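So you can see what is in the structure, the chains are spelled out below.
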Amino acid sequence: MKLRTLGVALAAMAALITLPLQTPAAAAETPLSQGKTATSSSDENAGTPAAGAVDGNTATRWSSAASDTQWLQVDLGTSASLTKVVLNWETAYGKDYRIQTSQDGSNWTDIKTVTGGDGGVDTLDVSGQGRYVRMYGVHRATQYGYSLWEFQVYGDTSTTPPTTCDPANAAQGGQASASSTENAGTPASAAFDGNTGTRWSSQASDPQWVQVDLGSVRDLCKVDLNWETAYGKAFQIQASTDGQNWTTLKTVTDGTGGTASYDVSGQGRYVRIYGTTRATGYGYSLWEVAVHTGSGGTPPVQGGGDLGPNVIVVDPSTPNLQQQFDQVFAQQESNQFGSGRYQFLLKPGTYNGINAQLGFYTSISGLGLNPDDTHINGDITVDAGWFNGNATQNFWRSAENLAITPSNGTDRWAVAQAAPFRRVHVQGGLNLAPAGYGWASGGYIADSKIDGTVGPYSQQQWYTRDSSVGGWTNGVWNMTFTGVQGAPATNFDTGPYTTLDTTPVSREKPYLYLDGSAYKVFVPAKRTNARGVSWPNTAGTSIPLDQFYVVKPGATAATINAALAQGLNLLFTPGVYHLDQTINVTRANTVVLGLGLATIVPDGGIDAMHVADVDGVRLAGFLIDAGRVNSDTLLQIGPADASADHSANPTTMQDVFVRIGGAGPGLATNSVVVNSDDVVIDHTWLWRADHGDGVGWDTNRADYGLRVNGDDVLATGLFVEHFNKYDVLWNGERGRTIFFQNEKAYDAPNAAAITHDGIVGYAAYKVADSVGVHEAWGLGSYCNYTADPSIVQAHGFQVPVKSGIKMHDILVISLGGKGQYAHVINDTGAPTSGTDTVPSKVTQFP
C-alpha cells in the first residue's frame, strides 16, 4: 500500500467532520520489531543508526553507505510466525530488495522478493517463521544508500507450543568428530556412547573441540558435561544446522570441571564443545556429553522412507515386466504436456528380451553401483512414430547407469533436447535417428561407453562428453566432443565436428543405487582434464537415503524448506510440485536430485529456487515449469553479491531443465541466473515454448534464458531457445562454453519488436562489453521467424573484440528461409540466404 495523496487525505478529513461521533478505535497494533535490537551492514553516519528504524519514531531513520548490497536486521527476541512487514522509505529507497528471516541470524530464507519498488510505504504480506528479520537491499533507486524511517515486523509469537526438555540424551550413539584425539583409545565417539568408563581426550593445545551429529535439526534446551581431570576452564557450547556455521549457545569462562549442566536455547543438528582455555597442562577430556532436546513444537522432518507411487522398482524376476513398460509407454508416448511422471529403477541383474520404450517424462536407471551391474539383453528405445517419424519433439526422458546388448546389434535413441543418456554401456551400436530417418534435433551423451558405432544420421546437433565410442558416422551441423575416446577429428571447416581431447572440469551426476537392501545416493567427485568414462571405479562419496527428505506428491514448500534447514538433502520423486514459497538451498554440499523429471512450479510470482553462495551444491534431474504469474528468476545460483571461491568444490547443475509455456501460460523474466563463481552447468535445456498451450509473444514472455554474472563458470552442453531478448547473456570473467544449441524466438512479430541499440535482433549468445576473457567452442544458432519471415537478424553471436575473447567453430542457419542472419558473429561471417538451410560458419574469432 502506498501513501495516499494529500487530496484524498483532505477529502477523508472533510467527510469525518460531517459524521456523528463514533466509539474510539482500538490502539494500533504495536509491531514486534519496535524497540528491539537492530543491526545493519553499515550506517551512513552516527545520526542514522540501525536503531532509528525500529524506534517507532518516523522522524528518525536508518541509512546505509551508498553501495549495493546493504541490509538492516532486527532481533525479535523470540521466534515468531510472521504475517506482515511494513517499510517506510525515506527518499533514498530500495528498488530491488528481499525480506528474509532466520532462526539463528546466520542462515537466511527469502520470504518476499520485491523488484521495481517505487519508495513510499511498502506493506508486504509475508508468511514465514523466524527470530531475525532483515531487509536485504539488492539495488538502490538513487545514488545514495538505503534509508528507512521505520522497519516494522508484525506476527504472532504465541503460535509455537511450549517446549519441555526431554531427559533422554539425543546425542548418544550419534556420529562424532573432534579437532584431535590424544590417542586411538580416546576417540570422539567415546564422549557420546553412554559409557562413563570411556572418554574423549584431545591433544594438549588450544583451541580444541568435539562435536556430535544429532541426525536432524532439533530444539536444544540443555547440555550436560562430565569432565575427566583434564577439563576446560573456558569453553563454548555451540550449535549448527549444517556443521559449518556455528552459533554460540553458552559461554563459560570459569569452568571447574566435574559434572555440570547448562541450560541453552537454540536449534541445531550439530552440537559441539569448543574449548578455548585448558585448566591443566593436558588436553581436554570428557567422559560424556549429553544433549537434551525440546519435546513439543514442530517435529523434525524425517529422512528416508519409500520412493512414492510413481517409482517402479523391478528385478529380473518381476512378473509381466514387459507389460509394465508397455503400459507406461502407452500413456506417455505422446503425452507431451501432461502431468504423468515415471521412474523405472532396475535392480542389479540380467534382464532378457526386454524392450523398454520411453515416452515423455519417463526415466530408466539401473540400481547398481556401476552400469554393468544391471544388464538388459534387449533395448531401450526412443522412436518417433507418435509424431509421424519426426523426432524433433522427443523431449524430457532419460536413461542412466545400465548396460544394453541390443537385440539386433544397434539400439535406437532418437531424441531431441532434455533427453540425457548418461553412464550407459551399449554393447553394440547406437542409432540416434528415428525409423525412416526423419528430422531429429538432439542431444547429449556423457560418461557412456558405446562399443560399436554411433550413427547420428539426421541429427542436427549433438554433444558427447567423457565417453568412449567405437566409431562415429556423419552428422548434420554441429557435433561436439570433449574427452571422448574414439571421437572423430575436428573438421568444422568442411564438416560438423569439433573435438577437444579432454573436458577441463567435469563431475558426473549423482545417482540412486542399492547397497544390499539399502538405498544410497552416490555423489561422484570432480575431475579435471577428463577423458573416457569414470567407471567402474568412480571416485566419490555415498549418502544414505535417510539423509534425504524424500519429496512426494502433496509435499509443501514449507516442509521442503524445513527439511533443508535441518540439514537434509532432497530427493524429488516423480510428480508435479506447486510451490508457494521459494526453495532455499543454504548448506554446502546439499544434493537436490529428481527422479522421473520431477517438476516444480512456482505459483504467485515467487522464484522457484535459490542456492546460497556455498561450496558443492548438486542440482540434478528436475524440471522447473514457470507459473502463470511472472517470476523474476526461476533458478538463482548465488545471491547478487556472491564472491566466494568455489574452484575446489563447485556447484553443479546437471539435467536441470526450464520451461516457460507449453503446458499453459508461463512467465519469467529470467530462467537461470548464475551469480556464484566456478559453477559447472552440465547439460541444460532452457526453453521458452514455441508450441503447446499458452504460447504467444507476450503470453509466455521470458526475456532471458541464462544470465551468468559469476566468474570462471563453465557450461558443457548448453541448449537455450526462443527467449524474447538474449538467450544467453554472459557478464562474468573467464567463462567457457563447450557446445551451444539455439533457436531464436519463432514468434517475434516484426523486426521492430526485437530491435535494440540500432541492432535488429538480440544475439543468441552475448558476451558483455565489460568482459576481458571468454572462450567457447561448437556453437550454433538457428532462426525460424515464422511470424515474420522477412526479419534479417544482425548476427547470432555478439562479443567484444579483445585478445582474451576466443570463439571457435560457430555457425548460424536459416531454417527454410524463415528469416535470415546478416552475419555469424558481430559483423563477421557470410549472410545466410534462400531456403536451402545451409549454415554460415566462422571457425575462429577474432
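The shown structure was predicted, so the numbers you read here are calculated from the model rather than taken from an experiment.

Criteria and thresholds
- Residue positions within a chain follow its written sequence, with the count starting from 1.
- Note on the predicted model: pLDDT of at least 70 is required for a residue's local features to be given, and 80 or more for side-chain atom pairs to be given and counted; whole-chain, interface and lining totals, by contrast, use all residues.
- Working from all heavy atoms in the structure, the side-chain values ignore hydrogens and water.
- The helix count covers DSSP runs of H or I at least four residues long, the strand count covers runs of E at least two residues long, and both are numbered beginning at the N terminus.
- Each residue gets one of three labels from its accessible area relative to the maximum for its type: buried under 20%, exposed over 50%, partly exposed in between, using a 1.4 Å probe on protein chains only.
- The contact criterion used is simple: two residues touch if any of their non-hydrogen atoms lie within 4.5 Å.
- What sets the accessible areas is the Shrake-Rupley method with a 1.4 Å probe; for residues, cover comes only from the shown protein chains.
- Residues scored as charged are limited to Lys and Arg (positive) and Asp and Glu (negative), so that His and the chain ends carry no count.
- Note that the charge is assigned to NZ on lysines, CZ on arginines, CG on aspartates and CD on glutamates.
- Note on pairing: DSSP must find at least two bridges between two strands before they are called paired.
- For helices, the fitted line uses only the C-alpha atoms of the stretch in contact; every axis is such a line through C-alpha atoms, and the angle between N-to-C directions lies from 0 to 180 degrees.
- Two cysteine sulfur atoms form a disulfide, by the criterion used here, when they sit within 2.5 Å.
- With a 1 Å grid laid over protein atoms only, a set of points is called a cavity when a 1.4 Å probe fits there but cannot get out and a pocket when it is open yet has protein on both sides within 12 Å along at least five of seven lines; lining residues have an atom within 4 Å of a point.
- Grid points are joined across faces, edges and corners, and a volume is the space filled by probe spheres set on the points.
- Following the grouping adopted for this structure description, the nonpolar residues are Ala, Val, Leu, Ile, Met, Phe, Trp, Tyr, Cys and Pro, the charged ones are Asp, Glu, Lys and Arg, and the polar ones are all others, Gly among them.
- The predictor rates its confidence in each residue with pLDDT, a number between 0 and 100.
- By definition here, a helix of n residues has an expected span of 1.5 Å times n minus one.
- The directions from the helix axis to the C-beta atoms form the arc being described.
- When a carboxyl oxygen of Asp or Glu is within 4 Å of a side-chain nitrogen of Lys or Arg, the pair counts as a salt bridge.
- Here a polar contact is recorded for every N or O atom pair within 3.5 Å, except that within protein the pair must consist of a potential hydrogen donor and a potential acceptor, and residues adjacent in sequence are included only if both atoms are side-chain atoms.
- Note on ring pairs: Phe, Tyr and Trp rings are taken, using the six-membered ring of Trp, and paired if centres are within 6.5 Å. Classes follow the plane angle, with under 30 degrees stacked, over 60 edge-to-face and the rest tilted.
- To sit over a ring, a charge needs its Lys NZ or Arg CZ within 6 Å of the ring centre and within 35 degrees of the ring normal.

### Considering the overall build of the chain
Each helix and strand in the chain was counted, giving three helices and 57 strands. Burial statistics for the chain: of 846 residues in total, 58% are counted as buried. For the chain, the share of sequence-separated contacts (at least 6 apart) that also reach a separation of at least 24 residues comes to 66%. Counting every atom, the chain has about 30500 Å² of accessible surface; 49% of that belongs to carbon and sulfur. Between the averaged position of the 50 positive side-chain charges in the chain and that of its 76 negative side-chain charges there is a distance of 1 Å.

### Details of the sheet that holds strand β32 (residues 518–524)
Taken in spatial order, the three strands make up an open sheet running β31-β32-β34, and their pairing is antiparallel. Sheet topology places β31 (511–515) and β34 (540–544) at the edges, where each strand pairs with a single neighbour. Neighbouring strand axes in the sheet, compared pairwise and without regard to direction, differ in orientation by 40° on average.

### Observations concerning the state of the cysteines
Taken as a whole and judged by the stated rule, the model has one disulfide. One disulfide bridge connects C165 with C221, the sulfur atoms lying 1.9 Å from each other. Between C165 and C221 the sulfur-sulfur dihedral comes to about 90°; the bridge is accordingly right-handed. Of this pair, C165 sits in strand β8 (residues 164–165) while C221 sits in strand β11 (residues 208–227), placing them 56 residues apart in sequence. The partly exposed category is assigned to C165, whose relative accessible area is 37%.

### Considerations on empty space enclosed by the protein
In this structure the tally under the stated criterion is three cavities of 30 Å³ or more. Among the secondary structure elements, those contributing two or more residues to the lining of the largest cavity are β17 (342–346), β19 (362–366), β21 (397–405), β31, β39 (591–602) and β43 (652–660). In terms of residue count, the dominant contributor to the lining of the largest cavity is β39 (five residues). Its residues assigned to classes, the lining of the largest cavity comprises nine nonpolar, nine polar and four charged.

### Quick notes on the layout of surface pockets
Taken as a whole, the second largest pocket spans an internal volume of roughly 710 Å³. Around the second largest pocket, the lining comprises 33 residues; the ones closest to its centre are D213, R269, Y270, Q547 and G567. When residues of the lining of the second largest pocket are traced back to their parent elements, those giving at least two are β9 (175–178), β11, β14 (259–278) and β34. Here the element with the most residues in the lining of the second largest pocket is β11; it accounts for seven residues. When grouped by side-chain class, the residues that make up the lining of the second largest pocket number twelve nonpolar, 14 polar and seven charged.

### Considerations on the confidence of the model for the chain
Confidence in the prediction for the chain averages 93 pLDDT; 95% of positions are at 70 or higher. In the predicted structure, residues 1–27 sits below a pLDDT of 50 and forms nine contacts with residues beyond four places in sequence or in another chain.

### Re the sheet that holds strand β38 (residues 583–585)
In spatial order, the strands read β38-β40-β42-β44-β46-β48-β52-β54-β56; together these nine strands make up an open sheet with parallel pairing. Only two strands of the sheet have a single partner each, and these edge strands are β38 and β56 (820–825). The sheet shows a mean angle of 25° between the axes of neighbouring strands, direction not considered. Of the pairings in the sheet, the one linking strand β52 (residues 765–767) to strand β54 (residues 792–798) comprises two bridges and is parallel in character. Paired with K766 across the strands is Q798, a residue of β54.

### Here we look at unusual backbone geometry
Comment: phi is negative for the bulk of residues other than glycine, and the bulk of peptide bonds are trans. Geometrically, the link from D68 to T69 is a cis peptide bond, its omega value of -10° lying close to zero. Mapped onto the fold, T69 is located in the loop between β2 (62–63) and β3 (70–89). Omega for the bond connecting D206 with P207 falls within 30 degrees of zero, at -10°, which places this linkage in the cis form. Here P207 is to be found in the loop between β10 (200–201) and β11. Unlike most non-glycine residues, Y361 shows phi in positive territory, near 55°. We classify Y361 as buried; its relative accessible area is 0%. Backbone geometry places H683, a non-glycine residue, at a positive phi of 75°. Tracing the chain through its elements places H683 in strand β45 (residues 680–688). Taking relative accessible area as the criterion, H683 reaches 1% and is therefore assigned buried.

### Concerning helix α2 (residues 321–332)
An ideal rise of 1.5 Å per residue puts 16 Å on twelve residues; α2 measures up with 17 Å between its terminal C-alpha atoms. Taken residue by residue, α2 has L321, F325, V328, F329 and Q332 as its buried positions. Looking straight down α2, one finds its buried side chains confined to an arc of 100°; they lie on one side.

### Digging into the side chain of D788
Note that D788 resides in the loop between β53 (774–783) and β54. Within the buried core, D788 has no salt-bridge partner, and the shortest N-O distance to an opposite charge, that of K818, equals 10 Å. A polar contact of 2.5 Å, which involves the side chain of D788, links it to the side chain of S790. Apart from residues lying up to four places away in sequence, D788 is in contact with A748, P749, N750 and A751.

### A closer look at the side chain of N700
With respect to the helices and strands, N700 occurs in the loop between β45 and β46 (704–708). Accessibility expressed as a relative area gives 0% for N700, which makes it buried. Separated by 3.1 Å, the side chain of N700 and the backbone oxygen of A689 make a polar contact. Those residues in contact with N700, other than ones at most four positions away along the chain, are I660, G661, G666, L667, R688, A689, G694, V695 and N724.

### Things to note about the pattern of salt bridges
Tallying each qualifying case throughout the model produces 28 salt bridges. A salt bridge links R140 to D68; its shortest N-O distance comes to 3.3 Å. With R140 in strand β6 (residues 121–140) and D68 in the loop between β2 and β3, this residue pair connects regions lying 72 residues apart in the sequence. Judged by relative accessible area, which is 37%, D68 ranks as partly exposed. Beyond isolated ion pairs, a larger network of salt bridges with shared partners links E400, R422, R465, D466, E508, K509, R527, D655 and D682.

### Focus: the packing of aromatic side chains
Under the defined criterion, the tally for this structure stands at 35 aromatic pairs. Plain terms: the ring middles of W396 and W685 are 5.6 Å apart, the flat faces sit at 40° to each other, and that makes the pair tilted. Here W396 is found in the loop between β20 (374–381) and β21, whereas its partner W685 is found in strand β45, with 289 residues between them in sequence. Neither W396 nor W685 differs from the other in exposure class; each is buried. Aromatic side chains Y463 and F739 sit 5.8 Å apart centroid to centroid with 15° between the ring planes, which places their arrangement in the stacked category. Residue Y463 is located in strand β27 (residues 461–472), and its partner F739 is located in strand β49 (residues 735–743); the two are separated by 276 residues in the primary sequence. Exposure class is identical for Y463 and F739. Each is buried. Through successive ring pairs, a cluster of aromatic residues spans F337, F360, Y361, W386, F387, F395, W396, W685 and W687. Across the ring face of Y704, the terminal group of R707 is positioned such that the distance to the ring centre comes to 4.6 Å.

### Focus on the environment of A51
Note that A51 resides in the loop between β1 (37–40) and β2. The partly exposed category is assigned to A51, whose relative accessible area is 43%. A51 sits 17 residues away from Q34 along the chain, and the two C-alpha atoms are 9.3 Å apart.

### What to know about the pairing of strand β7 (residues 147–156)
Note on strand geometry: in a regular strand, side chains alternate between the two faces of the sheet. Of all the ten residues making up β7, eight are buried; the element is thus mostly covered by neighbouring parts of the structure. Relative to β7, β2 runs antiparallel, the two being bridged by two bridges. Counted as the bridge partner of S63 is S147 from β7. Bridge count for β3 against β7 is eight bridges, and the pairing is antiparallel. Counterpart to K84 in the pairing with β7 is Y154.

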